[in-house]
Amino acid sequence: MNNQQVPIFITGPFRQLLTMDHLTLKGSLKDAQLEIIEEAGVVHQNGIILEIGLFGELCTKYNSAHPEIQYLESDMIALPGFVDAHTHLCWAGSRENDYAMRLEGKSYTEIAQSGGGIWDTVTKTRNATDEELKMLLKMRADRQLANGITTCEVKSGYALNPEGEIRLLEIIKSANKEHSIDLVSTCLAAHIKPKDFEGGTDTYLEFLADKLLPVIKKEKLTNRIDIFVEEGAFGVQEAGKYLSEAKKMGFDLVVHGEQFTSGGVSLAVKVGAKSVDHLEMIGDKAIVELADSAVVAMALPGASIGLGCQFAPARKLLNAGCCLAIGSDWNPGSAPMGDLLLQTAILGTFEKLTNAEQLSAITFRAAHALNLNDRGILKKGYMADFLGFPGRNYQEILYQQGMMKPTMVWKRGNLVM
Ligand SMILES: [Zn+2]
């Protein structure tokens, strides 16, 4: 089929359309910098944006191409589809009892000793069938899409042995093919050292680098490797060795760092990671180091809310010049809520982040963390992933603190919600 035969769509008019274009990748942003087009239209073909402009003018300009007009009767605000660049959506089981125990003041160790904690999720995930895991993942992807997330990162990390981690990555790959959302997988076999591995954490990482990473590379199961750098998980030095091995094989790197203890940021900068995620405990020196690097600073307010801990210092990170992205960290243990927009709005009010900063953190800046440069902005050549929120003024979206959901979601030009 040549281009003439592929239908052209014009969607609109939107009372306001925020392109998220012409904004810097790093540092603070003012709302006055937002490009807002009133009475806007989106021209798209084959899932790609051809042009953004005034709806009436676009209808005239493309008239001879016989476009299909998707006319919006009610007041709508358009934004790029959201990108959730940090989730752990491939798991079985549920940990509400852990949460209740935490509320009663029980420690991590006490919860683990009573049969809860990550090992509970690992056991249930290992025991679930492929079909069950894929069904659960697709149900969570449905909810993400309904909340406006058109691209969602998903980590493995609840099998913690080579066969099981490969299985999880294959399930994510298969779910991605069947679902309209884009799922971007990451290998987090280095989540913790599993109970049933004989040897230390350093031996476990060597084992993964030797037995798992080459298979993932060969089978093209993911191009991203993540590690949890934390007391009780993996130390900075052994993590550095593991990430360097992964880098040599050509993987993109990600670090879970500075949630409770320091060291993760320096490591992420040193190995040239795409992002360092968590940062609740990041200190001033590490903030400067991060701002001077190309590593994205990813805040995960869902984990702070789930654990009742402080938020990452998002205001300070932006003031210092960091590229701030926000992810939901949706997982069964520390971040069970899984509502990116709501969490962004809460972090925004506590950290005094402008609308422009909050929306950037879940659109083009989050896409950058995933090394994707074809989404997160509404402009020519970009993916036609966009959202319609009811209303006339974009400020109302974050003012509603996550309670206002998109009523229309387009993925690659298709209306999917
Ligand atoms: Zn995480």
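The structure under discussion appears in the preceding block.
Residues numbered from 1 in each chain as written. Predicted model: local features only at pLDDT ≥ 70, side-chain atom pairs only at ≥ 80, totals over all residues. Heavy atoms only, no water.

**Concerning the coordination of the zinc ion**
Then comes step 1: Here the zinc ion is held by the protein donor atoms His86 (NE2), His88 (NE2), His256 (NE2) and Asp329 (OD), which lie 2.0 to 2.4 Å from it.
Then comes step 2: Because the angles between the four donor atoms bound to the zinc ion fall within 85 to 168°, the donor set is best described as irregular.
Then comes step 3: Spacing between the donor residues of the zinc ion along the chain follows H-x1-H-x167-H-x72-D. Taken together, the positions of His86 in the loop between strand S6 (82-84) and helix H2 (96-103) and Asp329 in the loop between strand S13 (324-326) and helix H14 (340-351) put the pair 243 residues apart, joining distant regions of the chain.
Then comes step 4: Judged by relative accessible area, which is 2%, Asp329 ranks as buried. (Donors = N, O, S within 2.8 Å, 3.2 Å for Na, K, Ca; no water. Tetrahedral: all angles 85-135°; square planar, octahedral: opposite > 155°, others 65-115°. Helix = DSSP H or I, 4+ residues; strand = E, 2+ residues; numbered from the N terminus. Buried < 20%, exposed > 50% of the residue type's maximum accessible area, 1.4 Å probe, protein only.)

**What about the sheet that holds strand S10 (residues 252-257)?**
Then comes step 1: Read across the sheet, eight strands follow the order S6-S7-S8-S9-S10-S11-S12-S13 without closing on themselves; strand pairing throughout is parallel. The two strands at the open ends of the sheet, each matched to only one other strand, are S6 and S13. Within this sheet the neighbouring strands show an average axis-to-axis angle of 25°, counted without direction.
Then comes step 2: Sheet strands in contact with helix H6 (residues 162-178) are strand S7 (149-155) and strand S8 (182-190), and its direction is about 175° off that of S8. (Pairing = 2+ DSSP bridges. Axes fitted to C-alpha atoms, helices over the stretch in contact; angles between N-to-C directions. Contact = heavy atoms within 4.5 Å.)

**Considerations on the pairing of strand S14 (residues 386-390)**
Then comes step 1: Counting buried residues along S14, four of its five residues qualify, which places the element largely inside the surrounding structure.
Then comes step 2: Relative to S14, strand S5 (residues 76-80) runs antiparallel, the two sharing five bridges. Residue pairing in the sheet places Leu79 in a bridge with Leu387 of S14.
Then comes step 3: Across three bridges, S14 lies against strand S15 (residues 408-411) in antiparallel orientation. In the strand pairing of S15, Gly388 is matched with Met408.

**A closer look at the pattern of salt bridges**
Then comes step 1: Inspection of every chain in the model, using the stated rule, returns 26 salt bridges.
Then comes step 2: The shortest N-O distance in the salt bridge between Asp21 and Lys379 comes to 3.6 Å. Separated by 358 residues along the polypeptide, Asp21 in the loop between strand S1 (8-18) and strand S2 (36-45) and Lys379 in the loop between helix H16 (364-369) and S14 bring together distant segments of the chain.
Then comes step 3: For Asp21, a relative accessible area of 10% puts it in the buried group.
Then comes step 4: The exposure class of Lys379 is partly exposed, given its relative accessible area of 30%.
Then comes step 5: We note a salt bridge from Asp385 to Lys411, for which the minimum N-O separation is 2.6 Å. Note that Asp385 is positioned in the loop between H16 and S14 and Lys411 in strand S15, a separation of 26 residues in sequence. Each of the two residues, Asp385 as well as Lys411, counts as buried.
Then comes step 6: One continuous salt-bridge network, built from bridges that share partners, spans Asp182, Asp374, Arg375, Asp385, Lys411 and Arg412. (Salt bridge = Lys/Arg side-chain N within 4 Å of Asp/Glu carboxyl O.)

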